[in-house]
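Working through the structure, step by step
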Amino acid sequence: MAVEDYTQPVLPGPGASDYERYLRTDELLALQKRPDEQVHRDELLFQTVHQASELWLKLAWTEAEEATRQIERGELDGAERLLRRAVLALQYVIAQLDMLEQMSPWEYQTIRKVLGHGSGFDSPGFRGIRRVAPQLGQAFMAMLRGRGLDIVELYRKGRENETLYQLAELLIAWDEHIALWRMRHYLVVARVIGDEVVGTQGTPVEFLGGLIKQRFYPELWRARNQLTQLANDE
Ligand code: HEM
């Protein structure tokens, strides 16, 4: 029997090793401006944070979308597993924003000049989040109705409905992390370009501050008020 030569790649495609072929690192690492194309060396930092965020956002909405399908099919344990991943992916996207504060606000103005009309409103990843979030909420509410429960009852009898309770908590965590990202992004923007200016697509930064209050699942947040009210009335 021939001895396998582990030093040689076996996968098809460009790249010197199977690592580079499978991960397509040649293409991946060519996606950032070369030093001779940069107007400022911090463009690598700026592009890295944005491109990495797009990847994590893609994973986040893909898992949330599949969780939605699983809830529709009644596969609640599977949905729980995927939603936990989706929330974790958002945590990474939030954490990466720290890196942008390593840029000098004055030097960033040089980079800003080469962004054209580029705006985060056109982020495919965040668009994906905005697209799947309402569908997830609808699937969960429909499933709850089908089981003859409303949210307040579910929370009052959380121990008897453990899986549903865990799912409700993951939905609110998902909503909370979207708001946390918006909050953190707003503060980064205020720190880098200011909170009384207009963005590259003409949006006042103040408008971003207003979006922090947006909730995808207001009924889950409202239920907390109702529980407090119920407890006060007892
Ligand atoms: C120095 C860093 C950043 C600055 C100065 C900045 C600035 C802005 C501004 C001014 C807006 C309002 C729209 C406009 O007119 O452009 C915006 C929106 C947005 N940005 Fe950023 N941004 C930064 C980093 C990021 C990063 C790393 C992401 C990651 C994907 C991102 C994603 C978004 C998204 C998704 C929106 C829409 C917000 C929403 O719908 O709530 N931004 N950004």
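Below, the structure is looked at part by part. A quick note: this is a predicted structure, and the numbers were derived from the prediction, not measured. (Residues numbered from 1 in each chain as written. Predicted model: local features only at pLDDT ≥ 70, side-chain atom pairs only at ≥ 80, totals over all residues. Heavy atoms only, no water.)

So, on to the overall build of the chain. For the chain, the helix and strand inventory stands at 10 helices and 0 strands. Going from the N terminus to the C terminus, the chain shows its helices and strands as α-α-α-α-α-α-α-α-α-α. Its C-alpha atoms give the chain a radius of gyration of 22 Å, clearly above 17 Å, the size a compact globule of 234 residues would have. For the chain, the C-alpha atoms occupy an extent of roughly 70 × 70 × 25 Å along the three principal directions. (Helix = DSSP H or I, 4+ residues; strand = E, 2+ residues; numbered from the N terminus. Rg over C-alpha atoms; globule rule 2.2 N^0.38 Å.)

Right, let's talk about the site of the ligand for a bit. Taken together, the neighbourhood of the ligand is formed by 24 residues, with His50, Arg130, Arg182, His185 and Gln201 sitting nearest. The contact in question runs from an oxygen atom of the ligand to an N or O atom on the side chain of Ser119, over 3.3 Å. Here an oxygen atom of the ligand sits 2.6 Å away from a polar atom, N or O, in the side chain of Arg182. Listing elements by their share of the shell around the ligand, those giving two or more residues are helix H3 (43-72), helix H4 (76-100), helix H6 (124-146), helix H8 (162-192) and helix H9 (205-211). Classifying every residue of the shell around the ligand by side-chain character gives 12 nonpolar, 10 polar and 2 charged. (Near = heavy atom within 4 Å. Polar contact = N/O pair within 3.5 Å; in protein donor to acceptor, adjacent residues only side chain to side chain. Nonpolar A, V, L, I, M, F, W, Y, C, P; charged D, E, K, R; others polar.)

On to the coordination of the iron atom of the ligand. Donation to the iron atom of the ligand from the protein comes from one atom only, His185 (NE2), at 2.1 Å. As for its placement among the helices and strands, His185 is situated in helix H8. (Donors = N, O, S within 2.8 Å, 3.2 Å for Na, K, Ca; no water.)

Where a protein is soluble and globular, its nonpolar side chains tend to be buried together. Residues Phe140, Trp174 and Leu220 are the most contacted members of the largest nonpolar core, which totals 62 residues. At the level of secondary structure, the elements contributing two or more residues to this core comprise H3, H4, helix H5 (105-112), H6, helix H7 (151-156), H8, H9 and helix H10 (218-233). No other element matches the 14 residues that H8 contributes to this core. (Core = buried A, V, L, I, M, F, W, Y, C linked by side-chain atoms within 4.5 Å. Buried < 20%, exposed > 50% of the residue type's maximum accessible area, 1.4 Å probe, protein only.)

This paragraph deals with the environment of His117. Mapped onto the secondary structure, His117 falls in the loop between H5 and H6. Among the residues examined, His117 registers a relative accessible area of 68% and is labelled exposed. Along the chain, His117 and Gly202 lie 85 residues apart, while their C-alpha atoms are 8.5 Å from each other. Ignoring any residue separated from it by four or fewer positions in sequence, one finds His117 in contact with Thr200 and Gln201. (Contact = heavy atoms within 4.5 Å.)

What follows is about a nonpolar patch on the surface. Judged by side-chain polarity, Val10, Leu11, Tyr19, Tyr22 and Leu23 come together as a nonpolar surface patch covering roughly 580 Å² of accessible area. With respect to the helices, strands and loops of the structure, Tyr19 is situated in helix H1 (residues 18-23). The exposure class of Tyr19 is exposed, given its relative accessible area of 58%. (Patch = residues over 30% accessible without salt bridge, like charges linked within 9 Å, V, L, I, M, F, W, Y side chains within 5 Å. Areas by Shrake-Rupley, 256 points an atom, 1.4 Å probe, with all protein chains shown as cover. Salt bridge = Lys/Arg side-chain N within 4 Å of Asp/Glu carboxyl O.)

Next up on the list: the side chain of Arg182. As for its position among the elements, Arg182 is in helix H8. Here Arg182 is buried and forms no salt bridge, its nearest opposite-charge partner Asp175 lying at an N-O distance of 7.1 Å. The residues touching Arg182, leaving out its near neighbours within four places in the chain, are Phe126, Arg130, Leu211, Ile212 and Gln214. (Lys, Arg positive; Asp, Glu negative; His and termini not counted.)

Contact geometry of H3 with H6 gives a least axis separation of 9 Å together with a crossing angle of 20°. The pairing of H3 with H6 is recorded here as roughly parallel in orientation. Handedness of the crossing formed by H3 with H6: left-handed. Contact residues: H3 offers Glu54, Leu57, Ala60, Trp61, Ala64, Glu65, Thr68, Arg69, Ile71 and Glu72, while H6 offers Pro124, Gly125, Phe126, Gly128, Ile129, Arg131, Val132, Gln135, Leu136, Ala139, Phe140 and Met143. When grouped by side-chain class, the residues that make up the contact of H3 with H6 number 13 nonpolar, 4 polar and 5 charged. (Axes fitted to C-alpha atoms, helices over the stretch in contact; angles between N-to-C directions. Parallel < 35°, antiparallel > 145°, perpendicular 65-115°, else oblique. Left-handed = near helix turned anticlockwise from the far one by under 90°.)

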